[in-house]
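Each chain, written out:
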Amino acid sequence: MSDDWNVEEELKPLKLTCTSSDCKNGQHCYKPSRKQKAANVVGQCRSCDESAPFDLERIQKLNLEDIDYTIAALRNERIRQYYWTNKIPQKVENYARRIGISKMEAVVEKRIRKSVGSPADEFDGRQTPVENSSKVNAIHFAQHATASCCRQCMEYWYGIPKGRSLTEHEVMYLSNLGMRFIGERFPFLTNEGEKVPPIRNKASKTETKA
């Protein structure tokens, strides 16, 4: 392992948004545009109008035994695929390492309840930090990857109305999706968590807690 494995990384501005797409490479955006909403069109890319290669009604049944199908579908959307495949920043990895697997499930569930459990308000769409935020952590990554980052995304992916609170089953389903992301992107986590030294500032060589 390099001596620089725990050195602070420079965070570059993230240009990706929930409406980003790369249709030529099969990375779409299924958030309905105003025109699509007016025409009651769902399951089509807002950029190229191509129909989704998955069954949205199947996903919206929120079947815990069918999560593999949901994850495969999510990865057809540009922003979801990004968080499933991008390089994990060291501070995000450190956060996950400190918590460990045994405590992670409760932390993920608590975050779901707190950030998206209540009906949408004027802050909806901004409650989950993105990759270049100083506050971002592994659970935020999981939320973006699984479309549980805001009530808007949850509504078009899972058919959950944004004007009401989540049911217990919905909380459980979204928490399970988040844990699948954690398991896939952080397979090295210990059960009880581990002590991770603070990140060293690359320029000043001082240590910062991250």
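The structure this text deals with has already been given above.
Residues numbered from 1 in each chain as written. Predicted model: local features only at pLDDT ≥ 70, side-chain atom pairs only at ≥ 80, totals over all residues. Heavy atoms only, no water.

Engineer: Could you clarify how one ought to interpret the overall build of the protein chain in this entry?
Structural biologist: When helices and strands are counted, the protein chain shows nine helices and two strands. When the helices and strands of the protein chain are listed from N to C terminus, the series reads α-α-α-α-α-α-α-α-α-β-β. Here the protein chain holds 210 residues, and the buried ones make up 47% of them. Considering only contacts within the protein chain whose residues lie at least 6 apart along the sequence, 69% involve residues at least 24 apart. Here the protein chain has roughly 11,500 Å² of accessible surface; of this, 48% comes from carbon and sulfur atoms. (Helix = DSSP H or I, 4+ residues; strand = E, 2+ residues; numbered from the N terminus. Buried < 20%, exposed > 50% of the residue type's maximum accessible area, 1.4 Å probe, protein only. Contact = heavy atoms within 4.5 Å. Areas by Shrake-Rupley, 256 points an atom, 1.4 Å probe, with all protein chains shown as cover.)

Engineer: Any chance you could explain the pattern of salt bridges here in plain terms?
Structural biologist: As a working rule, side chains carrying opposite charge can pair if their charged atoms are close by. For the coordinates displayed, the defined rule picks out nine salt bridges. Close ionic contact of Glu-109 with Arg-113 constitutes a salt bridge, the shortest N to O distance being 3.0 Å. Here Glu-109 pairs with Arg-113, and both are found in helix H6 (residues 101-116), just four residues apart, close to one helical turn. Taking relative accessible area as the criterion, Arg-113 reaches 33% and is therefore assigned partly exposed. Across the salt bridge formed by Arg-113 and Glu-168, the nearest N and O atoms sit 2.7 Å from each other. (Salt bridge = Lys/Arg side-chain N within 4 Å of Asp/Glu carboxyl O.)

Engineer: Would you mind showing me how to read unusual backbone geometry here?
Structural biologist: Leaving glycine out, the prevailing phi sign among residues is negative, and the prevailing peptide bond configuration is trans. The backbone of Asp-49 shows a phi angle near 70°, a positive value even though the residue is not glycine. Assignment of secondary structure puts Asp-49 in the loop between helix H1 (34-38) and helix H2 (56-59). Residue class for Asp-49 comes out partly exposed when judged on its relative accessible area of 49%. Although it is not a glycine, Leu-62 sits at a positive phi angle of roughly 55°. Here Leu-62 shows up in the loop between H2 and helix H3 (67-74).

Engineer: What am I meant to see in a positive patch on the surface here?
Structural biologist: Where like charges cluster on the molecular surface, the positive patch consists of Arg-34, Lys-37, Arg-46 and Lys-162. Relative accessible area serves as the criterion here: at 79%, Arg-34 is assigned to the exposed category. (Patch = residues over 30% accessible without salt bridge, like charges linked within 9 Å, V, L, I, M, F, W, Y side chains within 5 Å. Lys, Arg positive; Asp, Glu negative; His and termini not counted. Charge placed at Lys NZ, Arg CZ, Asp CG, Glu CD.)

Engineer: Please clarify how the packing of helix H4 (residues 78-85) against helix H9 (residues 168-185) should be interpreted in this entry.
Structural biologist: The packing of two helices is summarised by the inter-axis angle and the distance between the axes. Where H4 contacts H9, the two axes come as close as 10 Å, and the packing angle between them is 45°. As judged from the angle between their axes, H4 and H9 are oblique. For the pair H4 and H9, contact is made by Tyr-83, Trp-84 and Thr-85 and by Arg-180, Phe-181, Glu-184 and Arg-185, respectively. (Axes fitted to C-alpha atoms, helices over the stretch in contact; angles between N-to-C directions. Parallel < 35°, antiparallel > 145°, perpendicular 65-115°, else oblique.)

Engineer: Would you mind going over helix H8 (residues 151-158) with me for this structure?
Structural biologist: For an α-helix, 3.6 residues make a turn, and residues three or four places apart therefore share a direction. The element H8 is extensively covered by neighbouring structure, given that six of its eight residues are classed as buried. Buried residues of H8: Arg-151, Cys-153, Met-154, Tyr-156, Trp-157 and Tyr-158, and no others. Where H8 is buried, its residues touch H2, H3, H4, H6 and H9. Looking one or two places after H8, you find Gly-159, whose phi comes out positive at around 70°.

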